Amino acid sequence: MDQNNITPKSIDPDHQHHQSIDAYQRHGRTTAIDDHSDLQVLKRIKRYLLPKDFVISQELLNEMVAGYDIGDPLADALAAEGVRFAKPLQQIIINNDSNHNLKNTPSFCALTEQFGSHPDWFDPKLAQIGAVAYRRYPLMLIWLLRNVALMAGYSIPALSLPLIQTGALMHDALPRLMRTYAYILAVSEHPQSNMSTRHGRKPIEQVLAIGSEGWRQSIKVRQIHTLVRQNLLNGKGNAAKDVVAEADQHHNPDGSWNTAYWGVPINQTDMIATHLQFSLLIMRGLRLLGARISKEEAEGILHLWNLASYWMGVDLQRLPKNEAACWEWLYTYLSTQQLDFKMGQPLAKALHDLPRQLMGEDNRRGRFVEMVNASVTRTLVGDDIGDGLDLPKSKIRFGVLSSVPILFALDTARQHNQSIDKKLEAFRAKRQDNMNWWLKKNDDYYK
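Residues numbered from 1 in each chain as written. Predicted model: local features only at pLDDT ≥ 70, side-chain atom pairs only at ≥ 80, totals over all residues. Heavy atoms only, no water.

A separate point is helix α19 (residues 364-380). An α-helical turn contains 3.6 residues, so any two residues separated by three or four positions project in the same direction. Compared with an ideal rise of 1.5 Å per residue, which puts 17 residues at 24 Å, α19 spans 24 Å between its outermost C-alpha atoms and is within 8% of the ideal. Taken together, the buried positions of α19 are Gly 366, Glu 370, Val 372, Asn 373, Ala 374, Ser 375, Val 376, Thr 377, Arg 378, Thr 379 and Leu 380. Looking at the packing, one finds that the buried side of α19 touches α2 (40-48), α8 (138-153), α14 (268-288), α17 (341-352), α18 (354-359) and α20 (383-388). Once α19 finishes, Gly 382 follows within two positions and takes phi at roughly 135°, a positive value. (Helix = DSSP H or I, 4+ residues; strand = E, 2+ residues; numbered from the N terminus. Expected span 1.5 Å × (residues − 1). Buried < 20%, exposed > 50% of the residue type's maximum accessible area, 1.4 Å probe, protein only. Contact = heavy atoms within 4.5 Å.)

If you want it as structure tokens, here you go:
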């Protein structure tokens, strides 16, 4: 038998196999690879998106478990010295400020090189093809962000706990959601969107241009992740108190973050999982809801997010290389995560309750929007996760699938009729602008 691959059927009591199992289960967060074989999302991935002869790779398992113990070495080194790098980094690159006192700091120099120009592998034309497809359906985009990408992640304690301990997406659910939405909009901003021209700024010349909003936000978010990582490692995240049982947080005796159980907070492996939440899962959701996304557009979406993730501190060599490899990576990751729905329930509830918080507790429209959102999660992610996160069930849940023939027809018409394409683009731009209401009120870039 091939020692580089293990599947539920290939595991036997042999000592050599148990050594392999122990190796990838050295963190408490990791479960045996067949513990979740009945999870609906895994069954769907295996049935529809993986090769018939697919087996989980021991090499990938080893890579994942090693990634749990690695954060962002460059940014972490600066944080250890008390350096906040976001503003000086932007000043040096945009203003060509060569006199900054950080210019001789090795880690800062490496960041300057990383953000100062695009890497050789980046193809702006391919990224723009992906960005145009990604932004084509604004309503679907935020639906899938909140109800698929975020909700699916809440079932995984290792992803939920840092959010809970910092209070993110729980006490300030709307600002956190809209900031996340703003980031995916910034990453996918392209010259045809002309968003920047509405703010008196020079329009961008290419996707994720140096100095663009996506570039700026990548730097800011990378610094935020670094500060959160340092704070959690130092035991400063206390927002989970009285929300998650102490025993479930698996703290060290002194109350600090337990790396032996969880790995490093916001580590390489979990960052790749987040990368796939924003790229692969949203792309899959668009297809399931009727959007026609070509092979080239799919490659473009992944390429676009490869650069964003690279800028966010992900080791490029760890990123899966194509869509097929992405599904293999995600299946392997989901198969080995300890699930604890109770930990994700406070986050899910905060996100679920947003419509009525905005419209009023007794508002029928708010209740309807909540039921539609829950239906999207249950339909596209699975009832088992929906039940685990305590999302309501609705008799109209399959009504969300009514969008499939509508989107399919619009997409077909758009591809064959320039007049319809222009009208749809005008509608998309107006709809996008309406959905940015919170950002237009609270964010300088979108005002």
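Picking up after the structure, the text goes on.
With that settled, the discussion passes to the packing of aromatic side chains. Here the structure, examined in full by the defined rule, presents 11 aromatic pairs. Ring geometry for Trp 121 and Phe 122: centres 6.4 Å apart, planes at 85°, overall edge-to-face. A residue is classified by how much of its surface remains accessible, and Trp 121, at 29% relative accessible area, is partly exposed. Here the aromatic rings of Trp 257 and Trp 262 are separated by 6.2 Å at their centres, their planes lie at 40°, and the arrangement is tilted. For the pair Trp 257 and Trp 262, a shared accessibility class is recorded, and that class is buried. Taken together, the aromatic side chains of Tyr 134, Tyr 183, Phe 278 and Trp 305 make up a single cluster linked through ring pairs. One residue, Arg 29, lies across the ring of Tyr 68, its end atom 3.9 Å from the ring centre. (Phe/Tyr/Trp six-rings, centres within 6.5 Å; stacked < 30°, edge-to-face > 60°. Lys NZ or Arg CZ within 6 Å of the ring centre and 35° of its normal.)

The next thing to look at is the side chain of Thr 377. Examined against the element boundaries, Thr 377 turns out to sit in helix α19. A relative accessible area of 0% means that Thr 377 is categorised as buried. Discounting chain neighbours no more than four positions away, the residues touching Thr 377 are Asn 147, Met 151, Gly 382 and Leu 391.

Grouped together as the largest cluster of nonpolar side chains are 122 residues, with contacts concentrated most on Tyr 181, Trp 305 and Tyr 333. The contacts of Tyr 181, once residues within four sequence positions are left out, are Pro 138, Leu 141, Ile 142, Leu 145, Gln 432, Met 435, Asn 436 and Leu 439. (Core = buried A, V, L, I, M, F, W, Y, C linked by side-chain atoms within 4.5 Å.)

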